[in-house]
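Structural features, examined
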Amino acid sequence: MNKASDEQLEGTFVNSTANPILRMLTQRIMLGILSLLIVSFLIFSAVSLLPGDFATQILGGSATPETLAALREQLGLDLPWYQRYVVWLGNVSTGDFGQSFSSRPVTQIIGSRLLNTFYLAGLTALFAVPLAIGLGILAALYRNRTVDRLLSTASLASISLPDFFIAYILMLTFAIELHWLPTISNIRPTMDTGEQLMRMVLPALTLTLVILAYIMRNTRAAIVGVMSRPYIEMAELKGESPARVVIRHALPNAIGPIANVVALSLAYLIAGVVVTEVVFAYPGIGQTIVDAVRNRDIPVIQACTLIFSVTYILLNLIADVISIISNPRLLHPSGK
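Below: a short report on this structure. (Residues numbered from 1 in each chain as written. Predicted model: local features only at pLDDT ≥ 70, side-chain atom pairs only at ≥ 80, totals over all residues. Heavy atoms only, no water.)

Per the secondary structure count, the chain includes 14 helices and 0 strands. Element order for the chain, N to C, with α for helix and β for strand: α-α-α-α-α-α-α-α-α-α-α-α-α-α. When each of the 336 residues of the chain is scored for burial, the buried share is 39%. Across the chain, every contact between residues at least 6 apart in sequence was considered, and the portion connecting residues at least 24 apart equals 72%. (Helix = DSSP H or I, 4+ residues; strand = E, 2+ residues; numbered from the N terminus. Buried < 20%, exposed > 50% of the residue type's maximum accessible area, 1.4 Å probe, protein only. Contact = heavy atoms within 4.5 Å.)

Next up, the structure:
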């Protein structure tokens, strides 16, 4: 009888924990889909309402009215923008981004470039995120001491410098003065892995310095924010070492804010690499969208912007899930 009661209680506890998590996941996914629909509408509307005639841009000012009308019909530009949005959204939902104005499939144009951007972002995150969290823990452990002040000053200086300035400083130092690294990061599939990694060092280092300061400062702030809690004081009174108090007690309770800033930084690595890729001529999605804007290739612009939005929403969804799971109190309404 007691065994059956224990099993019943255990099942009730599992269900009471799993159901709020499942409900929270469903709510976050639905909100993400709604946000994506709104963003896709804004993207399509903004691009479609740009001034100028795209058919004239492609054919030139000497084209005849009949030729311009035929091209507009071929590209679907003769339809109202809201009808084109419905058609575009239906195609995108099936994975079809359409044809670019250069008569090539959009997926063919952005496919390899997108993989290159993920490659660069993954390489950067592999080193930047653990290093930034480690430095943030170190700064919190030695807060208000020399180590903390040095790290805070260095991170503030890094935040104050724009991306392109950091990129050019690194290029001037390591490529031009020291001749250690190449200035151009034009990787190709025919290169071996070692050569690709060598050419990616400078853009990866630039992105690392850009996101390192944000993650480190927010990690420190999140840990310091929980250091005044009663359980931290109790752990200190029990004689635990400062390192053990920070890592075992403070860090697990600061995972939520840290996860949010890491997600935002990773989203920046995907959507904010335009400047870095252009500076180093890296063949990624950032360089592709710059070329598309220069050529006024609307389908490519829309596809790239939508990919950036999906990445941002997905990473924020993951951060929300981690934050709520790490703090079970958020699964239940207050007062219950």
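Take the environment of Thr117 next. With respect to the element layout, Thr117 can be found in helix α5 (residues 106–141). Residues Thr117 and Val274 lie 157 residues apart in sequence; the distance between their C-alpha atoms is 9.9 Å. When residues no more than four places from it in sequence are discounted, the contact partners of Thr117 are Leu269, Ile270, Val273, Glu277, Tyr282, Gly284, Ile285 and Gly286.

So, on to helix α8 (residues 193–226). Turn by turn, an α-helix covers 3.6 residues, leaving residues three or four places apart pointing in a common direction. Taking 1.5 Å as the rise per residue, α8 with 34 residues should run 50 Å; its terminal C-alpha atoms sit only 43 Å apart, a clear shortfall. Bending of α8 peaks at approximately 45 degrees at the position of Val201, with proline Pro203 no more than four residues after it. (Expected span 1.5 Å × (residues − 1). Bend = angle between axes of the 7 residues up to and from the residue.)

For the structure shown, the criterion picks out 5 aromatic pairs. With a centroid separation of 5.4 Å and an interplanar angle of 85 degrees, the aromatic rings of Phe41 and Tyr85 are classed as edge-to-face. Taken together, the positions of Phe41 in helix α1 (residues 2–48) and Tyr85 in helix α4 (residues 81–93) put the pair 44 residues apart, joining distant regions of the chain. When the centroid spacing of 6.2 Å and the interplanar angle of 40 degrees are considered together, the rings of Tyr85 and Trp88 count as tilted. Taken together, the residues Tyr85 and Trp88, both in helix α4 and 3 residues apart, mark about one turn of the helix. Here Tyr85 and Trp88 have matching classes, each one buried. The structure contains a cluster of three or more aromatic residues connected by ring pairs, namely Phe41, Phe44, Tyr85 and Trp88. (Phe/Tyr/Trp six-rings, centres within 6.5 Å; stacked < 30°, edge-to-face > 60°.)

By the element assignment, Ser158 lies in helix α6 (residues 146–160). For the pair Ser158 and Leu212, spaced 54 residues apart in sequence, the C-alpha to C-alpha distance is 8.5 Å.

Glancing now at a nonpolar patch on the surface. A cluster of nonpolar side chains, namely Leu161, Phe164, Phe165, Tyr168, Ile169 and Val275, defines an oily patch on the protein surface of about 530 Å² accessible area. At 4 residues, the largest contribution of residues to the nonpolar patch is made by helix α7 (residues 163–177). Mapped onto the elements, Val275 comes out in helix α12 (residues 274–279). (Patch = residues over 30% accessible without salt bridge, like charges linked within 9 Å, V, L, I, M, F, W, Y side chains within 5 Å. Areas by Shrake-Rupley, 256 points an atom, 1.4 Å probe, with all protein chains shown as cover. Salt bridge = Lys/Arg side-chain N within 4 Å of Asp/Glu carboxyl O.)

One way to put it is that α5 packs onto helix α11 (residues 255–271) with a least axis distance of 9 Å and a crossing angle of 150 degrees. In terms of axis orientation, α5 runs roughly antiparallel to α11. Once α5 is placed against α11, the crossing between them reads as right-handed. Only Ile258, Val262, Leu266, Leu269 and Ile270 of α11 make contact with α5, whose side of the interface consists of Thr117, Phe118, Ala121, Thr124, Ala125, Val129 and Ile133. For the contact of α5 with α11, a count of residues per class yields 10 nonpolar, 2 polar and no charged. (Axes fitted to C-alpha atoms, helices over the stretch in contact; angles between N-to-C directions. Parallel < 35°, antiparallel > 145°, perpendicular 65-115°, else oblique. Left-handed = near helix turned anticlockwise from the far one by under 90°. Nonpolar A, V, L, I, M, F, W, Y, C, P; charged D, E, K, R; others polar.)

All right, on to unusual backbone geometry then. At His179, a residue that is not glycine, the phi angle is positive and equals roughly 55 degrees. Considering the arrangement of structural elements, one finds His179 in the loop between α7 and α8. For His179, a relative accessible area of 62% translates into the label exposed. Positive phi is not limited to glycine here, since Ala281 has a value of about 55 degrees. Within the secondary structure, Ala281 is located in the loop between α12 and α13 (285–295).

The biggest cluster of nonpolar side chains holds 45 residues, and the ones touching the most others in it are Ile223 and Met227. Looking at this core, the elements that each hand over two or more residues are α5, α7, α8, α9 (230–237), α10 (242–253) and α11. When residues of this core are assigned to their parent elements, the largest contribution, 11 residues, is made by α8. What Met227 contacts, discounting residues up to four positions off in sequence, is Arg143, Ile232, Glu236, Val245, Val246 and Ala250. Judged by nonpolar contacts, the second largest core, of 23 residues, contains Phe101, Ile285, Val300 and Ile307. (Core = buried A, V, L, I, M, F, W, Y, C linked by side-chain atoms within 4.5 Å.)

Here Asn116 is to be found in helix α5. Among the polar contacts listed, one links the side chain of Asn116 to the backbone oxygen of Pro283, at a separation of 2.8 Å. Residues contacting Asn116, with those up to four places away along its chain left out, are Ile187, Tyr282, Pro283 and Gly284. (Polar contact = N/O pair within 3.5 Å; in protein donor to acceptor, adjacent residues only side chain to side chain.)

This next bit is on α7. Between the first and last C-alpha of α7 there are 20 Å, a value that for 15 residues agrees with the 21 Å anticipated at 1.5 Å per step. At Met171, α7 shows its strongest bend, of approximately 30 degrees. Taken together, the buried positions of α7 are Asp163, Ile166, Ala167, Leu170, Met171 and Ala175. Contacts made by the buried residues of α7 are with α6, α8, α11 and α12. One or two steps after α7, the chain reaches His179, where phi turns positive at roughly 55 degrees.

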